[in-house]
Amino acid sequence: MRQLSASQLTAPVRALLLEMAFRLPEDVRQALACARGTDRSPRAREILGLLLDNVAAAETESLPLCQDTGLVVVFAEVGEEVCLEGHLQGAIDEAVAAAYTEGYLRPSVLADPLRRNSNTGANTPAIIHLEWVPGDQLTLHVVAKGGGSENQSGLWMLSPSHGREGIISAVVERVRRAGGQPCPPLILGLGIGGNFETAPLLAKRSLFRSLGEPSPDPDVAALEAEILAAVNATGVGPLGMGGDTTALAVHALTAPCHLASLPVALNVQCHAARHGTVVI
Amino acid sequence: MSDPTASSEATPLRLDLPWDHECVAALRAGQDVRLYGEIFTARDAAHARLLAALEAGEPLPLELEGATLYYCGPTPGRPPRVVGAAGPTTSSRMDRYAPALYRAGVRATLGKGERGLSVREACCECGAVYLITVGGGGALLGSRIVEAEVIAYPELGPEAIRRLVVEDFPAWVAYDAHGGSIFSDEEDLP
């Protein structure tokens, strides 16, 4: 067994959160730049140019990419040979509080969803999901998820008879209805299968994949491509003002499910796709 | 919807705030504008309080006549900056409050995304507009703010009402006072 102390996580998670708030992942920046070159709408190209200006301003002016600096969600993959001492939630919350205070990031967490004046002040607690994996490493996948795009996410308990077409129409209709509200261009995370609680986890998990990298399963990759084409044919466009670039990518993950069910979850991610990974 | 090919070549129109009536009436959905002057941040919690005060006939913390309300909860300013990132939040969450505020004198709201029919109708009724700015453009927009001070509800933290002074702040007319809309999925009102 490899002994690890939860307190070893605090410094690297704090550093990652500070990096994420100010620097867009290079794959997302490149996708925005590529779309600016190809979108047929002049207004869409103008907006994509402003989004790239924003990425540059965040770095040069040391301003967060977006004022919604997100709710911190962590997928922790714990190696089966790791013996973790201490309090994981406490160590991660300490990192969040340090990063959000030192970085002048916005505290966006209410202790009580029904009391508007219950802001916890340091953006804690983080939401943590644990998974056991082979090996002696501890890997933390971290996302700082904005509220505006999260609000447009959805879960459908489809009937198996709805099939592939039902999945496509549910997702496309949701994106069309959301319009400019979730800050398109979007990254769409799709969880297909599992059940009522695991389909949304798959959807969020899929957002960690590098942009444009298709699913290793050819059938799933074909579905991703078909949904991306259909979503970009809606004409919603950047910020809802028209154009070809409604989504930059569609990522899907699947899992076994009950033969009576076809759970489908959509996690909507805005263009400020702030995520990263720490390996210990 | 406005013609999506129209805006990008035209020079943006400079708008000095607070507003006068004729200036609002001349605006058309789809126009590219740059804001200069005073705007006030207010989002969910501040709106609930403003409306409660308005309905109770209590004094308000700002002059609504001619005002622009910006749906925004900025990040704190890293000294010497007065404010940090300051992009728009989703406007539709404030739809239930907007018509009453337009009727009380607000000339413009500023945010992101489509809104309900009641807001578009209130713009026509009151001679007011709904503007949108760069969703997810918090760094760019924060760099265009030259003054910021909390003027009400400091206990709401990021949701407090702030008076901002902006310069060269990019925006588009989303709903005009004549039923027009900028959005690709909305027809103009008759």
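This one's a predicted model, so the numbers in the text were calculated from it and none came from an experiment.

So, how was this worked out
- Residues numbered from 1 in each chain as written.
- Chains lettered and ligands numbered in written order.
- Predicted model: local features only at pLDDT ≥ 70, side-chain atom pairs only at ≥ 80, totals over all residues.
- Heavy atoms only, no water.
- Salt bridge = Lys/Arg side-chain N within 4 Å of Asp/Glu carboxyl O.
- Buried < 20%, exposed > 50% of the residue type's maximum accessible area, 1.4 Å probe, protein only.
- Helix = DSSP H or I, 4+ residues; strand = E, 2+ residues; numbered from the N terminus.
- Pairing = 2+ DSSP bridges.
- Axes fitted to C-alpha atoms, helices over the stretch in contact; angles between N-to-C directions.
- Contact = heavy atoms within 4.5 Å.
- Polar contact = N/O pair within 3.5 Å; in protein donor to acceptor, adjacent residues only side chain to side chain.
- Domains from an automatic or database assignment.
- Buried area = accessible area lost by both parts, 1.4 Å probe.
- Phe/Tyr/Trp six-rings, centres within 6.5 Å; stacked < 30°, edge-to-face > 60°.
- Lys NZ or Arg CZ within 6 Å of the ring centre and 35° of its normal.

Undergrad: Break down the pattern of salt bridges for me, citing the residues and quoting the values.
TA: Counted according to the given criterion, the structure contains 31 salt bridges over all chains. Of the charged contacts, one joins R23 of chain A and E19 of chain A as a salt bridge, the two residues approaching to 3.3 Å between their closest N and O atoms. For E19 of chain A, a relative accessible area of 42% translates into the label partly exposed. Notably, a salt bridge pairs R34 of chain B with D168 of chain B, separated by 3.6 Å at the nearest N-O pair. Of this pair, R34 of chain B sits in strand β2 (residues 32-41) while D168 of chain B is found in strand β7 (residues 161-175), placing the two residues 134 residues apart along the sequence. Assessed through its relative accessible area of 32%, D168 of chain B is described here as partly exposed. Each member of the salt-bridge network shares a partner with another, and the members are R116 of chain A together with R43, D44, R93 and E159 of chain B.

Undergrad: I'd like a rundown of the sheet that holds strand β2 (residues 71-79) of chain A, residues and numbers included.
TA: Residue and element names in this part refer to chain A. Here we have four strands laid out as an open sheet, ordered β4-β2-β5-β10, and mixed in their pairing. Each of the sheet's edge strands pairs with one partner strand only, and the pair in question is β4 (127-133) and β10 (275-279). Averaged over neighbouring strand pairs, the angle between their axes works out to 15 degrees when direction is ignored. Note that β2 and strand β5 (residues 138-145) share eight bridges and pair antiparallel. The residue bridging V74 from the neighbouring strand is V142, located in β5. Across the sheet, helix α7 (residues 198-206) touches β2, β4 and β5, and the angle it forms with β2 is around 95 degrees.

Undergrad: Give a detailed account of the environment of R162 of chain B, specifying residues and quantitative values.
TA: Residues and elements named next belong to chain B. Take R162: it is sitting in strand β7. Relative accessible area serves as the criterion here: at 15%, R162 is assigned to the buried category. Sequence separation of R162 and G73 is 89 residues, and the distance between their C-alpha atoms is 9.1 Å. Not counting the four nearest positions on each side in its chain, R162 is found in contact with I39, F40, T41, P74, E149, V150, I151 and G157. A distance of 3.4 Å separates a polar atom in the side chain of R162 from the backbone oxygen of G157.

Undergrad: Mind laying out the domain arrangement of chain A, listing which residues take part and the relevant values?
TA: Residues and elements named next belong to chain A. Each domain of chain A was delimited in the assignment, giving domain 1 (2-21 + 65-145) and domain 2 (148-272). Placing the centre of domain 1 and that of domain 2 at their C-alpha centroids yields a distance of 25 Å. Contacts between the two partners involve 10 residues from domain 1 and, on the opposite side, 11 residues from domain 2. When domain 1 packs against domain 2, the two sides together hide about 880 Å² of surface, and 64% of this comes from carbon and sulfur. On the domain 1 side of the interface with domain 2, the three residues burying the most area are F75, H141 and K145, jointly 58% of the side's total.

Undergrad: Explain the packing of aromatic side chains residue by residue, including any values.
TA: With the rule as written, the count across this model stands at four aromatic pairs over all chains. Ring geometry for F75 of chain A versus F208 of chain A: centroids 5.7 Å apart, planes at 80 degrees, classification edge-to-face. Remark: F208 of chain A occurs in the loop between α7 and α8 (218-232) and F75 of chain A occurs in strand β2; sequence separation between them is 133 residues. Look at Y175 of chain B and F183 of chain B: their rings are 6.0 Å apart centre to centre, the planes differ by 80 degrees, and that puts the pair in the edge-to-face class. The buried category is assigned to Y175 of chain B, whose relative accessible area is 1%. On the basis of relative accessibility, which here comes to 0%, the residue F183 of chain B falls in the buried class. Each member of the aromatic cluster is reached from another via a ring pair, and the members are Y130, Y175 and F183 of chain B. For R115 of chain B, the ring lying beneath its charged end belongs to Y130 of chain B, and the centroid distance is 4.8 Å.

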